[in-house]
Amino acid sequence: MRLIKAIDYGDMSRKAANIVSAQILMKPDSVLGLATGSSPIGLYNILVERYEKGDLDFSGIRTVNLDEYKGLGGDHPQSYRYFMNKYLFNRVNIPIENTHVPNGLEEDPEKAIADYIKIIRSLGGIDLQLLGIGNNGHIGFNEPGTPFELEFLCVDLTDDTIEANKRFFASKEDVPRQAYTMGIKAIMHAKKILLVASGENKAEALAKAIYGPVTPDVPASVLQLHNDVTIVGDEAAFSKL
Ligand code: F6R
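My aim in this report is to walk through the structure given alongside it, one point at a time. (Residues numbered from 1 in each chain as written. Predicted model: local features only at pLDDT ≥ 70, side-chain atom pairs only at ≥ 80, totals over all residues. Heavy atoms only, no water.)

### A word on the sheet that holds strand β3 (residues 62-65)
For step 1, the next point in the chain: An order of β1-β10-β9-β6-β2-β3-β5 is seen for the seven strands of this open sheet, with the pairing classed as parallel. The strands lining the two open edges of the sheet, one partner per strand, are β1 (2-6) and β5 (99-100). (Pairing = 2+ DSSP bridges. Helix = DSSP H or I, 4+ residues; strand = E, 2+ residues; numbered from the N terminus.)

### Some details on the packing of helix α2 (residues 41-52) against helix α3 (residues 80-87)
For step 1, the next point in the chain: Between α2 and α3, the least distance of the axes is 10 Å, while the angle of their chain directions is 40°. In terms of their interaxial angle, α2 and α3 are classed as oblique. Contacts between α2 and α3 involve Ile 41, Tyr 44 and Val 48 on the former and, on the latter, Phe 83, Met 84 and Tyr 87.
For step 2, the next point in the chain: When grouped by side-chain class, the residues that make up the contact of α2 with α3 number six nonpolar, no polar and no charged. (Axes fitted to C-alpha atoms, helices over the stretch in contact; angles between N-to-C directions. Parallel < 35°, antiparallel > 145°, perpendicular 65-115°, else oblique. Contact = heavy atoms within 4.5 Å. Nonpolar A, V, L, I, M, F, W, Y, C, P; charged D, E, K, R; others polar.)

### Thoughts on the environment of Leu 3
For step 1, the next point in the chain: Here Leu 3 is to be found in strand β1.
For step 2, the next point in the chain: Taking C-alpha positions, Leu 3 is 12 Å from Gln 224, a pair spaced 221 residues apart along the chain.
For step 3, the next point in the chain: Other than its neighbours up to four places away in sequence, Leu 3 contacts Ile 210, Tyr 211, Ile 231, Phe 238 and Leu 241.

### Brief notes about the packing of aromatic side chains
For step 1, the next point in the chain: Going through the model one piece at a time under the given rule, you end up with eight aromatic pairs.
For step 2, the next point in the chain: Residues Tyr 51 and Phe 58 carry aromatic rings whose centres are separated by 6.4 Å and whose planes lie at 75° to one another, so their mutual orientation is edge-to-face.
For step 3, the next point in the chain: Taken together, a centroid distance of 6.2 Å and an interplanar angle of 25° make the contact between Phe 152 and Tyr 180 stacked. Placement of Phe 152 in strand β7 (residues 152-156) and of Tyr 180 in strand β8 (residues 178-182) is noted, with a sequence separation of 28 residues between them.
For step 4, the next point in the chain: On the accessibility criterion, Tyr 180 (0% relative accessible area) is buried. (Phe/Tyr/Trp six-rings, centres within 6.5 Å; stacked < 30°, edge-to-face > 60°. Buried < 20%, exposed > 50% of the residue type's maximum accessible area, 1.4 Å probe, protein only.)

### Notes on the nonpolar core
For step 1, the next point in the chain: Counting residues in hydrophobic clusters, the biggest one holds 37 residues, and the most contacted among them are Leu 131, Ile 133, Ile 139, Met 182, Leu 195, Leu 206 and Leu 223.
For step 2, the next point in the chain: Breaking this core down by element, the ones donating at least two residues are α4 (109-122), β8, α6 (184-188), β9 (192-197), α7 (203-211) and β10 (229-234).
For step 3, the next point in the chain: Setting aside residues no more than four positions away along its own chain, Leu 195 makes contact with Leu 131, Gly 132, Ile 133, Ile 139, Leu 206, Leu 223, Thr 230, Ile 231 and Val 232.
For step 4, the next point in the chain: Counting residues in hydrophobic clusters, the runner-up holds 28 residues, among them Ala 17, Val 20, Leu 47 and Leu 56. (Core = buried A, V, L, I, M, F, W, Y, C linked by side-chain atoms within 4.5 Å.)

### Observations concerning empty space enclosed by the protein
For step 1, the next point in the chain: On inspection of all chains with the given rule, the structure shows one cavity of 30 Å³ or more.
For step 2, the next point in the chain: Within this model, the largest cavity holds a volume of roughly 40 Å³.
For step 3, the next point in the chain: Taken together, Val 20, Leu 32, Leu 34, Leu 47, Phe 58, Ile 61, Thr 63, Leu 88, Phe 89 and Ile 94 make up the lining of the largest cavity.
For step 4, the next point in the chain: Here the residues of the lining of the largest cavity are counted per class, giving nine nonpolar, one polar and no charged. (1 Å grid on protein atoms, 1.4 Å probe; cavity = no way out; pocket = protein on both sides within 12 Å on 5 of 7 lines; lining within 4 Å. Points joined across faces, edges and corners; volume = space filled by probe spheres on them.)

### What about the site of the ligand?
For step 1, the next point in the chain: Around the ligand sit 14 residues, and of these Ser 39, Asp 67, His 138, Gly 140 and Lys 202 come closest.
For step 2, the next point in the chain: Backbone polar atom of Ser 38 to an oxygen atom of the ligand: 2.8 Å apart, as the coordinates give it.
For step 3, the next point in the chain: Between Asp 67 and the ligand, the recorded distance is 2.7 Å, taken from a side-chain N or O atom to an oxygen atom.
For step 4, the next point in the chain: Its free accessible area being 410 Å², the ligand has 93% of it covered by the protein chains.
For step 5, the next point in the chain: Because more than half of its atoms lie within 2 Å of the grid, the ligand is assigned to the largest pocket.
For step 6, the next point in the chain: Here the residues of the shell around the ligand sort into three nonpolar, eight polar and three charged. (Near = heavy atom within 4 Å. Polar contact = N/O pair within 3.5 Å; in protein donor to acceptor, adjacent residues only side chain to side chain. Areas by Shrake-Rupley, 256 points an atom, 1.4 Å probe, with all protein chains shown as cover. Sits in = over half its atoms within 2 Å of the grid points.)

### Some points on a nonpolar patch on the surface
For step 1, the next point in the chain: On the surface, a cluster of nonpolar side chains totalling about 400 Å² of accessible area is made up of Met 1, Leu 3, Tyr 211 and Leu 241.
For step 2, the next point in the chain: Relative to the helices and strands, Leu 241 is located in the segment after β10. (Patch = residues over 30% accessible without salt bridge, like charges linked within 9 Å, V, L, I, M, F, W, Y side chains within 5 Å. Salt bridge = Lys/Arg side-chain N within 4 Å of Asp/Glu carboxyl O.)

### Concerning the side chain of Asn 85
For step 1, the next point in the chain: Inspection of the secondary structure assignment puts Asn 85 in helix α3.
For step 2, the next point in the chain: According to the relative accessible area criterion, Asn 85 is buried, its value standing at 18%.
For step 3, the next point in the chain: Residues contacting Asn 85, with those up to four places away along its chain left out, are Asn 90 and Ile 96.

### A closer look at the packing of helix α1 (residues 9-26) against α2
For step 1, the next point in the chain: Axis separation between α1 and α2 bottoms out at 8 Å; the angle between their running directions is 55°. Here α1 lies oblique to α2, going by the angle between them. For the element pair α1 and α2, the recorded crossing hand is right-handed. Packed against α1, whose contacting residues are Tyr 9, Ser 13, Arg 14, Ala 16, Ala 17, Asn 18, Val 20 and Ser 21, the element α2 presents Ile 41, Gly 42, Leu 43, Ile 46, Leu 47 and Arg 50 at the interface.
For step 2, the next point in the chain: Per-class residue counts for the contact of α1 with α2 are eight nonpolar, four polar and two charged. (Left-handed = near helix turned anticlockwise from the far one by under 90°.)

Right, dumping it as structure tokens:
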């Protein structure tokens, strides 16, 4: 595991953007596993700037996102498909059909699971998986206690996560109670993993993930078992290491 210490959010975003840019330059048909949330927005902005300058080409890139709220369609402003279109896909030259986000409107979890696993496999696996980390140590929407061996699943969101994500919704009641997410097994199959973390509210989860026991109680702790993980954190996020 490689730890890269950044000064603040901007520095974290630049350092992480360098790693993603290198991946795109070295393998222009890379499969990128992507995340939403506050952590990667700065990184996405930098990728867009580099695309606008002519330094990055997304025309051959394929993407698979980690997760989506169950019940939200892509035109819902809080859906993760909407987020990805807004912050990245609509701003670079990636063919939209090369981008994949779980279908939040699929009501049948069995079908949603089978469909997304098929997509990931058809892409030939993930070259670089980008992750954030929840205050409770979740990655994707794999909440504490989720078994490691699932490839894709429908989860009940914990109160911690609903509380943390309510900032994006009109009220806590509007936050969906369930989500579809890539499981730990699919995340661990990625060739490389890049986790970005900023802020003191991530410090404890990050310390447990890096130095604590590997346990489903801290889903990100599983990353200790992957052979190519880079964590870029700012000073506040690394303050408890
Ligand atoms: C989002 C995702 C989540 C977030 C995590 C951190 O696609 O999978 O695991 O990465 O909840 O969220 P932020 O970055 O908003 O603190």
